[in-house]
Amino acid sequence: MINNTDAVRVIDSKREDAVLVPTMNAGNVRFGLPTVTSNQVLDLPISGAMGKASNVGLGIALAQPGRKVIVMDGDGSLLMNLGSLVTTSTKQPRNFYHFLFNNGVYAVTGGQPIPGSEGVTNWEEVARGAGYAAVFSFDNLEDFTTGIDEVLAAEGPVFVHLAVEPEIENTPVQFRQRPTRSAQQAYQEVTAALAADN
Amino acid sequence: MTTAIPESILHPASLVNELKKNDVSHVVWLPDSETNFLYHMMMEEPTLDLVPVCREGETMAVAAGLWVGGAKPVVLIQNTGVFEAGDSIRGLCLDLNQPLVMLVGYRGWTRRGPTPDSAGRFIEHILHAWGINYYLVETDEDADRISVAFEECERLSRPVAVLIGTEFGS
């Protein structure tokens with residue numbers, strides 16, 4: 001399995017001018033995108049909307065067809081919004097890259113297993129069946145580091161399954177490290193940055 | 001004795017004209033039984049890009065992304081979909097101060113007699129609870145309230161709802 005921070009670091013290292021839309025562990029301030037990002041002004045963490053990061057990313061991809069949009073989803077999050085795979089594939093955004101951080105658990109609520117996590121659900125087949133144009137899967141850092149260029153060269157919508165190590169949060173919510181950048185601030189900064197580039 | 005069916009008084013063209021007048025780029029929507037005529041007209045309108053979704057909660061999130069990317073979306077769903085989309089409205093539209101017009105089919109709305117449909121009974125209470133202002137459109141003459149909603153949502157950077165209180169006619 002791949003360490004969460006390592007996976008985010010690999011994606012960030014190849015982002016160029018892509019917008020990154022992380023949620024849950026991929027957006028965690030201790031081991032997600034905020035810890036490694038190289039271009040925060042184009043980072044739009046999404047939380048608190050029940051698995052909607054991929055929908056937000058789709059909207060940006062449709063409005064900015066010349067720019068890559070990279071969504072970093074969670075397995076529990078995607079299960080809350082499984083239809084979004086079909087919503088995305090219906091529009092066939094060529095600039096849309098959907099990374100699934102599959103750790104098999106609800107990490108932020110204490111590590112309870114998610115439905116389908118015991119080898120029941122095949123995420124690559126789910127994405128392929130939903131109509132994604134290309135599907136990749138990685139379960140170790142070496143292969144992922146080698147394969148990331150091929151992933152980002154593929155025409156979207158692209159789905160990338162990553163088997164990542166669970167990093168379970170057991171600290172009471174009120175004592176957890178908070179983001180230094182609010183959701184509103186991120187929303188405004190990304191909007192302004194994209195407007196300035198147009 | 002036959003009962004005369006009243007002539008439709010809200011035409012799809014009135015709504016599409018409002019969308020064009022306000023430079024709407026995308027309609028993020030999930031159809032309901034009342035909007036089929038509107039669907040055909042929107043499909044034929046080259047300035048509108050339709051984004052169909054599988055569940056209403058997706059509409060606010062797709063619209064948020066479109067807005068971030070510089071487009072100008074509206075959401076078109078039924079009031080039952082507003083109930084379904086509750087956490088997206090809270091976590092995206094309201095928490096992010098998203099200037100979004102939500103066109104909402106007012107299922108169960110009637111000016112006459114009781115309203116047996118709970119979808120009709122609850123929607124205004126829900127909008128009040130969230131502090132979302134709304135306008136009612138029932139006829140072609142009401143359609144310019146959609147422009148009022150656009151002006152308000154952009155001025156206040158908040159979501160504003162437009163309740164479509166009648167079925168569209170052809």
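Residues numbered from 1 in each chain as written. Chains lettered and ligands numbered in written order. Predicted model: local features only at pLDDT ≥ 70, side-chain atom pairs only at ≥ 80, totals over all residues. Heavy atoms only, no water.

Student: Just to check I follow, could you spell out the pattern of salt bridges for this structure?
Tutor: Between side chains of opposite charge, a pair can form as their charged atoms come close. Residues and elements named next belong to chain B. Counted under the stated rule, the structure contains 21 salt bridges over all chains. The residue arginine 55 makes a salt bridge to glutamate 84 at a minimum N-O spacing of 3.0 Å. Of this pair, arginine 55 sits in the loop between strand E2 (49-52) and helix H3 (57-68) while glutamate 84 sits in helix H4 (residues 79-84), placing them 29 residues apart in sequence. With relative accessibility at 30%, the residue glutamate 84 sits in the partly exposed group. (Salt bridge = Lys/Arg side-chain N within 4 Å of Asp/Glu carboxyl O. Helix = DSSP H or I, 4+ residues; strand = E, 2+ residues; numbered from the N terminus. Buried < 20%, exposed > 50% of the residue type's maximum accessible area, 1.4 Å probe, protein only.)

Student: Whenever I open this one, the packing of helix H3 (residues 53-63) of chain A against H3(B) confuses me. Can you help?
Tutor: When two helices pack together, their arrangement is given by the angle between the helix axes and the distance between those axes. In the contact formed by H3(A) and H3(B), the axes pass within 6 Å of each other and the chain directions differ by 40 degrees. On the basis of their axis angle, the class for H3(A) and H3(B) is oblique. Of the two possible hands of crossing, H3(A) and H3(B) adopt the one that is right-handed. In this structure, H3(A) uses A:Asn55, A:Val56, A:Leu58, A:Gly59, A:Ile60, A:Leu62 and A:Ala63 to contact H3(B), whose residues at the interface are B:Glu58, B:Ala61, B:Val62, B:Gly65, B:Leu66 and B:Val68. For the contact of H3(A) with H3(B), the class distribution of residues is nine nonpolar, three polar and one charged. (Axes fitted to C-alpha atoms, helices over the stretch in contact; angles between N-to-C directions. Parallel < 35°, antiparallel > 145°, perpendicular 65-115°, else oblique. Left-handed = near helix turned anticlockwise from the far one by under 90°. Contact = heavy atoms within 4.5 Å. Nonpolar A, V, L, I, M, F, W, Y, C, P; charged D, E, K, R; others polar.)

Student: It is not clear to me how the interface of chain B and chain A should be interpreted in this structure. Could you clarify?
Tutor: One widely used convention gives an interface's size as the accessible area the parts lose upon coming together. At the junction of the two partners, chain B supplies 29 residues and chain A supplies 28 residues. Both sides of the chain B and chain A interface together cover about 2000 Å² of buried area, and 65% of this is carbon and sulfur. When the area that chain B buries against chain A is broken down by residue, the three leading residues are B:Glu58, B:Val68 and B:Leu96, summing to 29%. Inspection of the chain B/chain A interface yields one salt bridge. One salt bridge in this structure joins A:Lys91 and B:Asp49, with 2.7 Å as the shortest N-O distance. The tally of links from chain B across to chain A stands at nine residue pairs in polar contact (both at pLDDT 80 or more). Elements that contribute at least two residues to the side of chain B that touches chain A include exactly E2, H3 and helix H5 (86-94) of chain B. It is H3(B) that contributes the most residues to the side of chain B that touches chain A, nine residues altogether. Its residues assigned to classes, the side of chain B that touches chain A comprises 15 nonpolar, nine polar and five charged. (Buried area = accessible area lost by both parts, 1.4 Å probe. Polar contact = N/O pair within 3.5 Å; in protein donor to acceptor, adjacent residues only side chain to side chain.)

Student: What's the story with the nonpolar core in this structure? I'm lost.
Tutor: If you look at the biggest cluster of nonpolar residues, it comprises 41 residues, and the most contacted ones within it are A:Val21, A:Leu44, A:Ile60 and A:Phe159. When residues of this core are traced back to their parent elements, those giving at least two are strand E1 (19-22), H3, strand E2 (69-74), strand E3 (96-102), helix H6 (123-130) and helix H8 (183-197) of chain A together with H3 of chain B. For this core, the element with the highest residue contribution is H3(A), accounting for six residues. Leave out the neighbours within four places in its chain, and A:Phe159 touches A:Leu78, A:Leu85, A:His98, A:Leu100, A:Trp123, A:Ala127, A:Tyr132, A:Ala134, A:Val135 and A:Phe136. Grouped together as the second largest cluster of nonpolar side chains are 27 residues, A:Ile11, A:Ile70, A:Phe101 and A:Val158 included. (Core = buried A, V, L, I, M, F, W, Y, C linked by side-chain atoms within 4.5 Å.)

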